[in-house]
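Working through the structure, step by step
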Amino acid sequence: MEQPTPKVEHTAHELAYGKFLNRLIVDYKDIKLSDGQLYKLYQQCHNIADLEEIINTGSAEELP
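Residues numbered from 1 in each chain as written. Predicted model: local features only at pLDDT ≥ 70, side-chain atom pairs only at ≥ 80, totals over all residues. Heavy atoms only, no water.

Turning next to unusual backbone geometry. At D30, a residue that is not glycine, the phi angle is positive and equals roughly 65 degrees. Turning to its location among the elements, D30 is positioned in the loop between α1 (6-27) and α2 (35-45). Its relative accessible area of 77% is what places D30 among the exposed residues. (Helix = DSSP H or I, 4+ residues; strand = E, 2+ residues; numbered from the N terminus. Buried < 20%, exposed > 50% of the residue type's maximum accessible area, 1.4 Å probe, protein only.)

In structure tokens:
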């Protein structure tokens, strides 16, 4: 497996953070989470390899 370019890696990290914020706002609106719970949610959203694959294959999806 080839190494991602710095730009792809940076974009994947930005997308992971966006995914984290989206889940926080949509799924946990009005719910106070502890630091440990926030970290768990961040771990769930931080799958960089999947995001890099989406970037590299250009498999973006249409928005609703």
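Next comes the rest of the account.
Under the defined criterion, the tally for this structure stands at two aromatic pairs. Put simply, the rings of Y17, F20 and Y42 touch in pairs and so form one group of aromatic residues. (Phe/Tyr/Trp six-rings, centres within 6.5 Å; stacked < 30°, edge-to-face > 60°.)

Roughly 150 Å³ of internal volume is contained in the largest pocket. Counting only elements with at least two residues in the lining of the largest pocket, the list comes to α1 and α3 (48-57). No other element matches the three residues that α1 contributes to the lining of the largest pocket. Looking at side-chain class alone, the lining of the largest pocket contains three nonpolar, one polar and one charged residues. (1 Å grid on protein atoms, 1.4 Å probe; cavity = no way out; pocket = protein on both sides within 12 Å on 5 of 7 lines; lining within 4 Å. Points joined across faces, edges and corners; volume = space filled by probe spheres on them. Nonpolar A, V, L, I, M, F, W, Y, C, P; charged D, E, K, R; others polar.)

Here H46 shows up in the loop between α2 and α3. In this structure, H46 is in contact with H13 and A16, ignoring residues within four places of it in sequence. (Contact = heavy atoms within 4.5 Å.)

Now for the confidence of the model for the chain. The predicted model of the chain averages 93 in pLDDT, with 97% of residues at 70 or higher. Element-level pLDDT for the chain is lowest in α3, with a mean of 92, against a maximum mean of 97 in α2. (pLDDT = per-residue confidence, 0-100.)

Glancing now at α3. Considered for burial, the residues of α3 that qualify are I48, L51 and E52. Buried residues in α3, looked at end-on, bunch into an arc of 100 degrees, giving them a common side. Counted as exposed and oriented over 90 degrees from the buried face of α3: E53 and T57. Contact partners of the buried residues in α3: α1. Looking one or two places after α3, you find G58, whose phi comes out positive at around 65 degrees. (Arc of directions from axis to C-beta.)

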